[in-house]
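# Structural overview for review
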Amino acid sequence: MFWFGKQKAPVEAPVDLDTAVDGHPAANRNAMILMGLGGATITAFGLAATQGVVAPIFLALVLTICVHPLRIALERRGVPRGLATVSVVLAVFILLAAFVTALVVAFAQFAALLPQFAPQIQDIGAAIGTWLTKIGFGPDQVQTIVQGFDPSNLVGFVSGLLGSLTSITAGLVIILTLLLLMAMDAGYLETLFRQLRPRRPYMVSSLERFAHGVRKYMVVTTGLGVAQGVLNWVALLILQVPGALLWGLLSFICSFIPNIGYFIAIIPPVVFGFLVGGWQTAVIIILIYGVINAVVQSVVQPRIVGNAVALSQTITFASVLIWLVILGPIGAILAVPLTLMVRMILIDSNPNAQWWRPVLGDLDETKGIMKAEDAQAKQLKDARKAAKK
């Protein structure tokens, strides 16, 4: 969706927000900020209350944005518009259905795996409870933590995260319907953008930048997540860790959760590796996961994604926590696209708010300034050394 190339927004003279806000004195800015925060709070509570509907809608929007170029490519090859739309939607739905099937199979494997190691898991919980008691935790707190190591509680917790089969089926029906409708509506976007560009150039440009950033981030993250999951799966197979395929799938899912996904994905294989191979196997798993995660997320992904996202690490991490609270697990997985949408609405589409972009993480200009300052400082240092000689 919104695929017409990345274009720069037109340059317009911004209003000096330090002296006026919409023509009012700067003193009224505090009241406007408070009203904005209040509106954001109400919006967050509203989204949280309707997350069962909002989450599938936004997931369908992201998927439509990602597959829209494929639909355009089919049309350019002479495929009728309707057939191209249906073909792309069915392809996406088949991928989603395959993913959900793998998720259900993985959960069944997890439920069958836990009873085999129930005594060892409970022993670990008891040991942790004893240690917590020694360092001063109360009996009620310790009991709550120890109960978390009960295999039946773990199965219930994971089941709660996945939802019932009915809710999954309903979500897939909503997503399929929205994919079809959004793909059909996307056929009018090129003409609509031409209509709107003379009147709202910043809005059109911000929509295009949003689509470009979301598409690049999701496609790259999906490809790297598959590679990451396969590498972890193979490593766990070699180490003979139970449930290797399950933990590889978990690694793939958690690759969409910036910063903290790695720590979520590594806990189960480390625990089961320790149960079957002792601390040596657990250490090897930590090292393997650490190397793969460092190479994929810290070296490869930033080079490929580049400045398409332009969000600081702090904002990215905070967005995961915020969207997790508002929309649940899907919110954590789609935290970056959701944050990009908020930035598009509040910052990118407003010519008077462009100064916020460097603060939020668009650091190309900032890095250029710092590089020039470093070069100037080096020249001054060299000049002083030459003067002393």
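Keep in mind it's a predicted model, so treat the numbers as computed, not measured. (Residues numbered from 1 in each chain as written. Predicted model: local features only at pLDDT ≥ 70, side-chain atom pairs only at ≥ 80, totals over all residues. Heavy atoms only, no water.)

What follows is about a positive patch on the surface. On the surface, a cluster of positive charge is contributed by Lys381, Arg384, Lys385 and Lys388. Checked against the element boundaries, Lys388 lands in helix H16 (residues 364-388). Exposure remark for Lys388: the relative accessible area of 76% places this residue in the exposed category. (Patch = residues over 30% accessible without salt bridge, like charges linked within 9 Å, V, L, I, M, F, W, Y side chains within 5 Å. Areas by Shrake-Rupley, 256 points an atom, 1.4 Å probe, with all protein chains shown as cover. Salt bridge = Lys/Arg side-chain N within 4 Å of Asp/Glu carboxyl O. Lys, Arg positive; Asp, Glu negative; His and termini not counted. Charge placed at Lys NZ, Arg CZ, Asp CG, Glu CD. Helix = DSSP H or I, 4+ residues; strand = E, 2+ residues; numbered from the N terminus. Buried < 20%, exposed > 50% of the residue type's maximum accessible area, 1.4 Å probe, protein only.)

Position of Thr64 among the secondary structure elements: in helix H2 (residues 51-76). Taking relative accessible area as the criterion, Thr64 reaches 2% and is therefore assigned buried. Within the structure, the side chain of Thr64 is placed 2.7 Å from the backbone oxygen of Ala60, a separation counted as a polar contact. (Polar contact = N/O pair within 3.5 Å; in protein donor to acceptor, adjacent residues only side chain to side chain.)

The biggest cluster of nonpolar side chains holds 72 residues, and the ones touching the most others in it are Met218 and Trp247. For this core, the leading source of residues is helix H11 (residues 261-305), giving 11 residues. For Met218, the contacting residues outside a window of four places in its chain are Val62, Cys66, Phe256, Leu334 and Pro337. (Core = buried A, V, L, I, M, F, W, Y, C linked by side-chain atoms within 4.5 Å. Contact = heavy atoms within 4.5 Å.)

What the rule picks out here adds up to four aromatic pairs. Between the aromatic rings of Phe252 and Phe256, the centroid separation amounts to 5.5 Å while the plane-to-plane angle is 90 degrees, which identifies the pairing as edge-to-face. Comparing Phe252 with Phe256, the two get one shared label, buried. (Phe/Tyr/Trp six-rings, centres within 6.5 Å; stacked < 30°, edge-to-face > 60°.)

Now for the pattern of salt bridges. Oppositely charged side chains can pair when the atoms bearing their charge come close. Summed over the entire model, instances satisfying the criterion amount to seven salt bridges. In this structure, Arg194 and Glu190 form a salt bridge, with 3.8 Å as the shortest nitrogen-oxygen distance. Note that Arg194 and Glu190 are positioned in helix H8 (residues 189-196) at a spacing of four residues, about one turn of the helix. Accessibility expressed as a relative area gives 52% for Arg194, which makes it exposed. The partly exposed category is assigned to Glu190, whose relative accessible area is 45%. Here Asp382 makes a salt bridge to Lys378, at a shortest N to O gap of 3.3 Å.

With numbering matched to this structure, UniProt assigns "transmembrane region" (unreviewed entry) to residues 31-49, 55-74, 86-110, 168-189, 217-239, 245-265, 272-295 and 315-340. Secondary structure over residues 31-49 splits into 100% helix and 0% strand, and the C-alpha atoms at its two ends are 27 Å apart. With 100% helix and 0% strand, residues 55-74 has its two end C-alpha atoms placed 29 Å apart. (UniProt positions renumbered as here; feature names shortened; annotations may be inferred.)

Backbone geometry places Gln240, a non-glycine residue, at a positive phi of 60 degrees. Of note in this structure, Ala310 is not a glycine but carries a positive phi near 55 degrees. Relative to the helices and strands, Ala310 resides in the loop between H11 and helix H12 (313-327). Owing to a relative accessible area of 5%, Ala310 belongs among the buried residues under this scheme.

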